[in-house]
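# Structural description and commentary
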Amino acid sequence: MAFSPRKATVILMLVLMVGFSASLRRTAENGLETLSPPLDVELETLNCTAIAVRWRVPRRHITAVMGYRVFLTEVKISSPVGEPVAHNVPVNTDTLKGVPWDGLAEFSMEVANLKNDTQYHVTLLAYGWAGEGRPSMPRDITPASHERCLRPSPPSAPDVVAASHTEIVLSWKRGASDGASPVQHFLVSYTRPDVDAEWTSLRVPVPTTSMALRGLSPDTLYQFMVQAVNANGASPPSSTNGIWTLSIQDAGSGAISKQRQTHPFASDEAAAVYSDYSGNTQDLFSSKMQDLRTPQLGSGVSQTGPSSWSFAPPAAISASLLDAPSSSSSSSSSSSSLPSSSSTTLVPVLPPAAAAPMTLWRGSLRGVHDLPCEETVCPQDTICVDDHASGGSRCQCVLGRGGESCSETVASHFPRLYGYSYMAFSPLKNSFHTFDITLDLKADSEDGLLFYCGEGEHGHGDFASLALIRGKLHFRYNCGTGAAYLVSEKEIAVGQWHTVSVHREGTSGWLQLDNHAPVTGQSQGTYAKITFRSPFYVGGSPNSYWLARAVGTNRGFQGCVQGLSINGRSVDMRPWPQGQALTGADVGECTRHACSGVACANGGTCYITSDDAYLCLCPLGHHGPLCQETMALSVPFFNKSLLSYASAPWPHPQRHYLSFTEFEISFWPSAANGTLLYCQDANSSDFLSVTLDNGHVVFRFDCGSGAAVLRSREPVELFSWHEARASRTARKGLLQVDTQNTVEGLAEGAFTQIYCSSSLYLGGVPDYSATRRDSGVSQPFTGSIQQVLLNDRVIPLSPPSLEGVNVGNAEHPCSARPCANAGVCQPRQERYQCDCPVGFLGDHCQEVLTDEIEVPLFTGRSYLKFDNRNTLRRLAGLRTHVQLRFRSSAPNGLLLWRGEGPGLVGADYMSLSLQGGAVVFSFDLGSGPGVLVVNGTFSDGHWHQLKAVRDGQYGRIVVDGQKTIRGQSPGRMRQLNTNGPLFVGGVKEISQRTHRRSMRGLVGCISHLSLSSTFHIALMEDASDGKNIDTCLE
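Residues numbered from 1 in each chain as written. Predicted model: local features only at pLDDT ≥ 70, side-chain atom pairs only at ≥ 80, totals over all residues. Heavy atoms only, no water.

### Re the overall build of the protein
The line we're drawing: In this description a helix means any DSSP run of H or I spanning at least four residues, a strand means any run of E spanning at least two, and both kinds are numbered starting from the N terminus. Working definition: with a 1.4 Å probe on protein chains only, accessible area under 20% of the residue-type maximum means buried, over 50% means exposed, and in between means partly exposed. Contact criterion: two residues are considered in contact whenever any of their non-hydrogen atoms come within 4.5 Å of each other. Using a 1.4 Å probe, accessible areas were evaluated by the Shrake-Rupley method; residue-level cover was limited to the displayed protein chains.
Per the secondary structure count, the protein includes 7 helices and 76 strands. Looking at the protein residue by residue over its 1034 residues, the buried ones come to 49%. Once local pairs closer than 6 in sequence are excluded, the contacts in the protein between residues at least 24 apart make up 67%. Summed over its atoms, the accessible surface of the protein is roughly 48,100 Å², and 50% of this surface lies on carbon and sulfur atoms.

So this is what it looks like as structure tokens:
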């Protein structure tokens, strides 16, 4: 086809444009490929609201990089909440200055204004002219918990003295606690009740506990309160105190006067000056003080008795914005001046409120008022709860307070409820389809609500409840299409402890009282899920009146409760933050001071287990009701009823266990459920656990992006010894129990490393409420743990390496210490073996060798140890020469070993051994093992001559002067560098030290050991230690 010149030109231009566009696209794509994600991303918690992010990038990868973006996403219940927030970190020449082309550039940034105790996903990516690169793998971090963000306790009420008609001197005392960090300064606020409608805060913080205020108005009533401030914010306000400044005539005398000082408010009166300080991270100087109200003295407050007060509700006053703190040098002064009214911006004075009806609260009966809560003012440490049955209201002590005036602290370890009490916990989680709840109760009455949680607080829609009605337990639940009604067949006995368990799965329910036969039932309709939005109420509810139709009673429970467990996890019923109870009213303590007068000996701690019982938590090596007895721990025994657990340090730093961890556990269970082993990280979701679940061994682990759960195929038999091996390599896990088939599993997500900051816990943990939700760790193990290996390293199960509580000795022969003459009893499941020192033999080391041993006989469990410096230097460095004679009756056994201690993978070593009858000479100089094998049957019971020589990385072995094998180790390393001792005939902890290259020692004899032609070793005389050595009969 012919084209005109014009058409040909157009076609050529189109082809060039398409090619250029494709080139640009390829260039952009290639640019994106070069923008690799950062390396070595590290996260660090700085404080309650800030974290640090650090990363490194090869210098050569930053050519096309303009900067990096750090994305943070809030996470709740393992799901992201909201959109990621991006923070840009530009790359400039200063950042790269001094970094060589083949080096690493380091970056870091701090991210502030985060929510404390909240989990965040953090990812990073590079961006440049071609767009954004691939993001890094997400990492999780949580700013510091609430315990590290506590604000100070309120200071004491200020002591106020009028120094003149325009000057007042203030002083106060620090509160009971500085919180989670030292107090930095104090804030002083004032109001003039006759003039001002709200409180005003001084601009200048006060660094001391006293100050003088000048420039005040004469003959004027001032009220003051103080707040302490630490790094986490301001405390609640102190109780208030007031004083009249002197009149000009009074001030003429020049005397300081207290005559017109007002009566300081009692702690309950200070409740009229109230603010909500629940926000842990609010900016102290830019936040609004909420409803800081002061009653009018003389007219608003009248004292009627030692434990009763009468209040007029204060008028509604709008909150004012506090001024920002001054940055001038005057901030260090302890004397400040208040500007006069003309120079101070104040909210206009509101007209006085109409006199409101008075309400009265008296004594500990929490009497019902005639007025609703909207018209009632309750004292400090109380809350108002409407009593819909009477049309009035009650002033009830807040959770954690008690006594006639709610001024006493109540721990509520074992809560007592009075019929109008209640406790509120977080709504039921992960329970929409199934839940299990267990509770111990001792009732003083046959009627009352035990728990309620539902879609709303008034019993409408979905809900679940448990109540006592005329002595029987009523378990009710509604999935939305009709309620189920389950009633226990037996009645409870008033004044006695009972255990009640409820279970629901879909529409089916189950109720059991103590050990009686359970009652089953089913809800109506087809809906099988329950939506829980209200708090989980225990013992009652502030809306009990409206719940009567749904739960069957409008009364609260009267009596004591303990042992609350939800979905297999124990609930700490103490007030938050010590426990998990968020709010409550009029909750007492059931314990009758069970630990009063109890002195647990030897460092033991008294622990209250119920309202009238205690348990001494005895440290390792002690036992008895008061820890008064001392024992030598041989085979640990754990007991669930004694809250037993032990903890051991990790043998090596955590970097040795990040990608590979293997546990071998020898255990004897007497209960089908319990914790065998556990560890976790405090700053992430990483954990490892081995538990028993209905007899099945369960291995769980989480690398930070989702848990793996491996469950043995068959349950183990109780009262028998078992061996379990659980290992993980990155995300892949293996579990083998006894001779059962191996179970494999894979953790979720992309993370491959596990970091455990906690100790290694055995048999249980100190606090089950602090364990990870997916770990399955909910109760102690009952039984014996005989041996624990971690990456082929023995974990010592005796002090001082091991710590713990209430760990006893198992019924095992080793507990009777059967080995004489300093022999060591080694448990072998239900049997044992005695390791005898040199010079003693026999099953119990009872035989004394009177004749001198010329040629040692090794039994497979024997060894001789040499640590003489002159000896060891000939088995290190550039050259090694070993010559010996041996005789063996077993095809496998270790002849000679020198290397580092157990658990150090990759360390230098040298070894001579028998494997399948062949002689093996192996050595590793740091770049890989060299293995030389002389095949044959050298376990024939005859004497053989062996010579092994190493010159740098080259080796040579000769057996009986005939068979010679040569070889070399890989890499470039040429010297043997090790500080470990020399072992002959075997090794202590042989499988661990040799990393399973040898599993047992020699069964036979060794003689004529020399390390050069002129350096001979006298095996028995030169050995520094040995075990189970007998005389070899030629």
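### Points about the sheet that holds strand β1 (residues 39-45)
To keep it simple, the criterion reads: When DSSP finds two or more bridges between two strands, those strands count as paired. Working convention: axes come from line fits to C-alpha atoms, limited for helices to the stretch in contact. Angles between N-to-C directions cover 0 to 180 degrees.
The strand order across the open sheet built from 3 strands is β1-β2-β5, with neighbouring strands paired in antiparallel fashion. Looking at strand neighbours, the two that pair on one side only are β1 and β5 (104-111), the edges of this open sheet. The sheet shows a mean angle of 15 degrees between the axes of neighbouring strands, direction not considered. Examined bridge by bridge, strand β2 (residues 51-58) and β5 share 8 bridges and lie antiparallel to one another. Bridge assignment links Trp-55 to a residue of β5, and that residue is Phe-107.

### Overview of unusual backbone geometry
Leave glycine aside and you will find that most residues have negative phi; peptide bonds, for their part, are mostly trans. The step from Pro-799 to Pro-800 runs through a cis peptide bond, and the omega angle for that step is 5 degrees. Its location among the elements puts Pro-800 in the loop between β56 (793-794) and β57 (803-805). Within the chain, Cys-406 stands out as a residue other than glycine whose phi angle is a positive 60 degrees. Taking the relative accessible area as the measure of exposure, Cys-406 reaches 0% and is therefore buried. Even without glycine at this site, Cys-845 takes up a positive phi of about 60 degrees.

### A closer look at the state of the cysteines
Here is the rule we go by: Note on terminology: disulfide denotes any pair of cysteine sulfur atoms within 2.5 Å.
Per the stated rule, a full pass over the model turns up 10 disulfides. Across the disulfide from Cys-814 sits Cys-825; the S-S distance is 1.9 Å. For the disulfide bridge between Cys-814 and Cys-825, the dihedral angle about the S-S bond is near -80 degrees, and by the sign convention the bridge is left-handed. Of this pair, Cys-814 sits in the loop between β58 (808-809) and β59 (824-828) while Cys-825 sits in strand β59; the two residues are 11 residues apart in sequence, bridging distant segments of the chain. On the accessibility criterion, Cys-825 (19% relative accessible area) is buried. Each sulfur of the disulfide joining Cys-1005 and Cys-1032 lies 1.9 Å from the other. An S-S torsion of about 95 degrees defines the bridge between Cys-1005 and Cys-1032 as right-handed. Here the residue Cys-1005 occupies a position in strand β74 (residues 1003-1010), and Cys-1032 occupies one in the segment after β76 (1030-1031), the gap between them amounting to 27 residues. In this pair, the class of Cys-1005 matches that of Cys-1032, namely buried.

### Quick look at the nonpolar core
This is how it is decided: We define the nonpolar core as a collection of buried residues of types Ala, Val, Leu, Ile, Met, Phe, Trp, Tyr and Cys that are connected through side-chain atoms lying within 4.5 Å of one another.
If you look at the biggest cluster of nonpolar residues, it comprises 43 residues, and the most contacted ones within it are Phe-667, Val-697, Phe-701 and Ile-785. Listed in part, the 39 residues of the second largest apolar core include Leu-417, Leu-468, Leu-486 and Val-561.

### Details of the sheet that holds β74
Pairing in this open sheet of 7 strands is antiparallel, and the strands run β72-β71-β70-β65-β74-β63-β76 from one edge to the other. Of all the strands in the sheet, the pair left with one neighbour each is β72 (963-968) and β76. In this structure, strand β65 (residues 879-888) lies alongside strand β70 (residues 944-951), joined through 8 bridges in antiparallel fashion. Bridging across to β70, Thr-880 finds its partner in Arg-950.

### Quick word on the confidence of the model for the protein
As a reminder of what qualifies: Note on scores: pLDDT gives the predictor's confidence for each residue, bounded by 0 and 100.
Looking at the protein, pLDDT values average 81 and 84% of them are 70 or higher. Taken as a whole, residues 18-33 scores under 50 in pLDDT and shows 7 contacts with residues more than four places along the chain or in a different chain. Here residues 251-365 is a poorly scored stretch, pLDDT under 50, and it has 234 contacts once near neighbours within four places are set aside; other chains count.

### Quick look at the pattern of salt bridges
The condition is simple: Definition used for salt bridges: Asp or Glu carboxyl oxygen within 4 Å of a side-chain nitrogen of Lys or Arg.
The full count for this structure, using the stated rule, is 16 salt bridges. Between Arg-174 and Asp-178 there is a salt bridge, with its nearest N and O atoms 3.8 Å apart. Looking at Asp-178, the relative accessible area reads 31%, which means it is partly exposed. The salt bridge involving Arg-725 is made with Glu-664; its shortest N-O contact spans 3.2 Å. With Arg-725 in strand β51 (residues 722-729) and Glu-664 in strand β46 (residues 660-669), this residue pair connects regions lying 61 residues apart in the sequence. Under the relative-accessibility criterion, Glu-664 is labelled buried at 16%.

### What to know about the environment of Leu-428
Structurally, Leu-428 can be placed in the loop between β26 (422-425) and β27 (434-443). For the pair Leu-428 and Ser-534, spaced 106 residues apart in sequence, the C-alpha to C-alpha distance is 8.6 Å. Beyond its immediate sequence surroundings of up to four residues, Leu-428 is in contact with Ile-437, Cys-453, Phe-532, Phe-536 and Ile-566.

### As for a negative patch on the surface
Which entries qualify depends on this criterion: By definition, no residue in a patch forms a salt bridge, and every one has over 30% relative accessible area; like charges are joined within 9 Å, nonpolar side chains (Val, Leu, Ile, Met, Phe, Trp, Tyr) within 5 Å. Residues scored as charged are limited to Lys and Arg (positive) and Asp and Glu (negative), so that His and the chain ends carry no count. Charged side chains are reduced to one point each, which is NZ for Lys, CZ for Arg, CG for Asp and CD for Glu.
Together, Glu-852, Glu-854, Glu-1021 and Asp-1022 line one region of the surface with negative charge. Here Glu-1021 shows up in helix α7 (residues 1019-1022).

### Things to note about the packing of aromatic side chains
To describe a pair of aromatic rings, one takes the distance between the centres and the angle between the planes. As a reminder, the rule being used: The criterion for an aromatic pair is that two Phe, Tyr or Trp rings (for Trp, the six-membered ring) have centres within 6.5 Å, with stacked assigned to planes under 30 degrees apart, edge-to-face to planes over 60 apart and tilted to the rest. Charges are assigned to positions over rings by a cutoff of 6 Å between ring centre and Lys NZ or Arg CZ, combined with an angular limit of 35 degrees from the ring normal.
Scanning the model with the defined rule gives 23 aromatic pairs in all. Considering the side-chain rings of Trp-650 and Tyr-657, the 5.1 Å spacing of their centres and the 50 degrees angle between planes classify their relative orientation as tilted. Summarising the aromatic geometry, the rings of Trp-668 and Phe-719 are spaced 5.7 Å apart at their centres and angled 65 degrees between planes, so their arrangement reads as edge-to-face. Here Trp-668, found in strand β46, pairs with Phe-719, found in the loop between β50 (707-711) and β51; they are 51 residues apart in sequence, far enough to count as distant. Classification of Trp-668 by relative accessible area gives partly exposed; the value is 23%. Here a set of aromatic residues connected by ring pairs shows up, and it is made of Phe-435, Phe-475, Tyr-477 and Phe-532. We note Arg-874 situated over the ring of Phe-1015; from NZ or CZ to the ring centre the distance is 4.0 Å.

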